[in-house]
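Descriptive structure summary
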Amino acid sequence: MDHGPNQRSVAARTVRVALVMAVAFVVFGASFGVLAVGAGASVAQACAMSLLVFTGASQMSAVSVIASGGSVASALGGATLLAARNAVYGLALAPEVRGGPLRRAIGAQWVIDETTALVTSEADPASRRTVFWTAAPILYAAWNLGTLLGALAGGAIDPHRFGLDAAFPVMFTAMLAPHLRTRAGRRAALFGGITTVALAPFIPVGLPILVAAFGMLFGLSADGGES
Amino acid sequence: MTWTLVLVLAAIAFGFKVMGAVVIGQRTMPVVLERCLLLIPAALLTGLITKDTFTNGQALTLDARALGLAVAVVATWRRLPFIVVIVLGVGSTALLRTLA
């Protein structure tokens, strides 16, 4: 039947990686909780947002707009732009999100930056499924636990001081490595990295990262080169 | 902060996810499109890295995060384990902030 990697060892390895990421998720979830309550949300609202929205950048952006006095409409605008990339990730993760309606709904809810990065660094389809369904619930639990703790704690945590705002780019760097093995991957990566910074000052927050996705076309032109 | 914001944003965010993962994604796709999709993470990850390191809203910034990123790049290149990469990257950022 299946001659691919042993799924039990893939799951064990995934648990180890996901637990490390979960620490960052708890801390960032907590800083979201702190910010949300500071912006006038109740603990229930902060927790509902993490449970139902579950996409950190959108949540942070919505809360920061409200905190600086923006309207609900403007908070939704930026958050919507940031949420749009999950549709692109969803395309890449569609094979993992198959099953009955409930399984598809839960799987879709867990399509975010980090699950996409973890899953797409695996080549074999069975391993991709294992990684998704192992890592996603751990990260989801961590994000929501963090939010609850942060919302309850208020302003006692300063993520900045501990360098935790660097945790995401650092994490993404480690996840990027497998994608740089092909020339196409390297070209797509180069396009994505430069575009995002070059456009940041000129277009609304959330849009540059969507433009970066077009790096895939830039990468295609280099196809055929496997080294 | 209102329940309207929470619930509308939840609907929008979930809508995007379902649109990609279920509505569009679960049809058979042309080979070229599949090759494109495989390259998306490379482009998006570097986009997220540079965004999270060198921008603050719409402003370009160069701060302690850049050191953390540089350390992480070297650590990844040296094939150090995931946790070590994270600890070194975050630790060097915190250290620079403490010293500065």
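Residues numbered from 1 in each chain as written. Chains lettered and ligands numbered in written order. Predicted model: local features only at pLDDT ≥ 70, side-chain atom pairs only at ≥ 80, totals over all residues.

Thoughts on the overall build of chain B
Convention followed: A run of H or I in DSSP becomes a helix once it reaches four residues, and a run of E becomes a strand once it reaches two; helices and strands are each numbered from the N terminus. Every C-beta atom is placed from the backbone, and the number of other C-beta atoms within 10 Å of a residue's own sets its class: buried at 20 or more, exposed at 12 or fewer, partly exposed in between.
Per the secondary structure count, chain B includes four helices and two strands. Written out in order from the N terminus, the α and β elements of chain B read α-α-β-β-α-α. Seen through its principal axes, chain B has C-alpha atoms that stretch 50 × 45 × 25 Å. Within the span of chain B, comprising 100 residues, buried residues form 43% of the whole.

A closer look at the nonpolar core
The criterion, for reference: Nonpolar core, as used here: buried Ala, Val, Leu, Ile, Met, Phe, Trp, Tyr and Cys residues forming one set through C-beta atoms within 7 Å. Where each domain begins and ends is defined by an automated method or by a domain database.
The biggest cluster of nonpolar side chains holds 104 residues, and the ones touching the most others in it are Ala36, Leu139 and Met171 of chain A together with Ala43 of chain B. Residue contributions to this core peak at 16 residues, all from helix H1 (residues 7–38) of chain A. In terms of domain composition, this core takes at least three residues from each of domain 1 (1–56) and domain 2 (63–100) of chain B.

Concerning helix H4 (residues 72–83) of chain A
Filter applied, for reference: Residue count minus one, scaled by 1.5 Å, sets the expected span of a helix.
Given a rise of 1.5 Å per residue, 12 residues ought to cover 16 Å, and the 16 Å separating the end C-alpha atoms of H4 of chain A matches this to within 8%. The complete set of buried residues in H4 of chain A reads Ala75, Leu76, Gly78, Ala79, Leu81, Leu82 and Ala83 of chain A.

What to know about the domain arrangement of chain B
Examined at the domain level, chain B breaks down into domain 1 (1–56) and domain 2 (63–100). Taking only C-alpha atoms into account, the centre of domain 1 of chain B sits 27 Å from that of domain 2 of chain B.

Structural notes on the environment of Trp110 of chain A
Residues and elements named next belong to chain A. Just so we agree on the cut-off: In this description, any two residues whose backbone-derived C-beta atoms lie within 7 Å of each other are considered to be in contact.
Relative to the helices and strands, Trp110 resides in the loop between helix H6 (101–109) and helix H7 (113–120). Considering only alpha carbons, one finds Trp110 and Thr55, 55 residues apart in sequence, at a separation of 8.7 Å. Contacts of Trp110, omitting those with residues within four sequence positions, involve Thr115, Ala136 and Tyr140.

Structural notes on the interface of chain B and chain A
Note the following rule: Nonpolar residues are Ala, Val, Leu, Ile, Met, Phe, Trp, Tyr, Cys and Pro. Charged residues are Asp, Glu, Lys and Arg, and all others, Gly as well, are polar.
Counting residues at the interface gives 62 residues for chain B, matched by 84 residues for chain A. Of all elements in the fold, only helix H1 (3–24), helix H2 (31–54), helix H3 (64–77) and helix H4 (82–99) of chain B reach the threshold of two or more residues within the side of chain B that touches chain A. Tallying contributions element by element places H2 of chain B first for the side of chain B that touches chain A, with 19 residues. Classifying every residue of the side of chain B that touches chain A gives 39 nonpolar, 17 polar and six charged.

A short note on H1 of chain B
In a regular helix each residue adds 1.5 Å, so 22 residues correspond to 32 Å; H1 of chain B covers 30 Å between its end C-alpha atoms and thus fits that length. Those residues of H1 of chain B that are buried lie in contact with helix H2 (43–52), helix H3 (56–67), H4, helix H5 (85–93) and H6 of chain A.

Quick notes on unusual backbone geometry
The phi torsion at Phe54 of chain A lies on the positive side, around 40 degrees, for a residue other than glycine. The residue Phe54 of chain A is located in the loop between H2 and H3 in this model.

Overview of the packing of H3 of chain B against H4 of chain B
The packing of two helices is summarised by the inter-axis angle and the distance between the axes. Residues and elements named next belong to chain B. Quick note on the threshold: For helices, the axis comes from a line fit to the C-alpha atoms of the stretch in contact; other axes are also lines fit to C-alpha atoms, and the angle between any two N-to-C directions lies between 0 and 180 degrees. Angular relationships are summarised with four words: roughly parallel below 35 degrees, roughly antiparallel beyond 145, roughly perpendicular across 65 to 115, and oblique for the angles in between. The handedness criterion is simple: a crossing whose near helix is rotated anticlockwise from the far helix by less than a right angle is left-handed, and one whose near helix is rotated clockwise is right-handed.
Their axes nearest at 8 Å, the elements H3 and H4 cross at an angle of 150 degrees. Relative to H4, H3 is oriented roughly antiparallel. Between H3 and H4 the crossing geometry is right-handed. Residue-level inspection shows Ala64, Arg65, Leu67, Gly68, Leu69, Val71, Ala72, Ala75 and Thr76 of H3 in contact with H4, the latter providing Val84, Val85, Leu88, Gly89, Val90, Ser92, Thr93, Leu96 and Arg97. Taken together, the residues that form the contact of H3 with H4 break down as 11 nonpolar, five polar and two charged.

Focus on the confidence of the model for chain A
Applied cut-off: Each residue carries a pLDDT score, the predictor's confidence in it, ranging from 0 to 100.
Averaged over chain A, the pLDDT score is 87; the fraction of residues at 70 or greater is 94%. For chain A, the element scoring lowest by mean pLDDT is helix H12 (residues 215–220) of chain A, at 78; H2 of chain A scores highest, at 97.

Looking at the confidence of the model for chain B
Residues and elements named next belong to chain B. Of all residues in chain B, 100% have pLDDT values of 70 or greater, and the mean over the chain is 89. When mean pLDDT is compared element by element in chain B, H3 scores highest at 96, while H2 scores lowest at 83. For this predicted complex, the interface score ipTM comes out at 0.85, while the overall pTM is 0.76.

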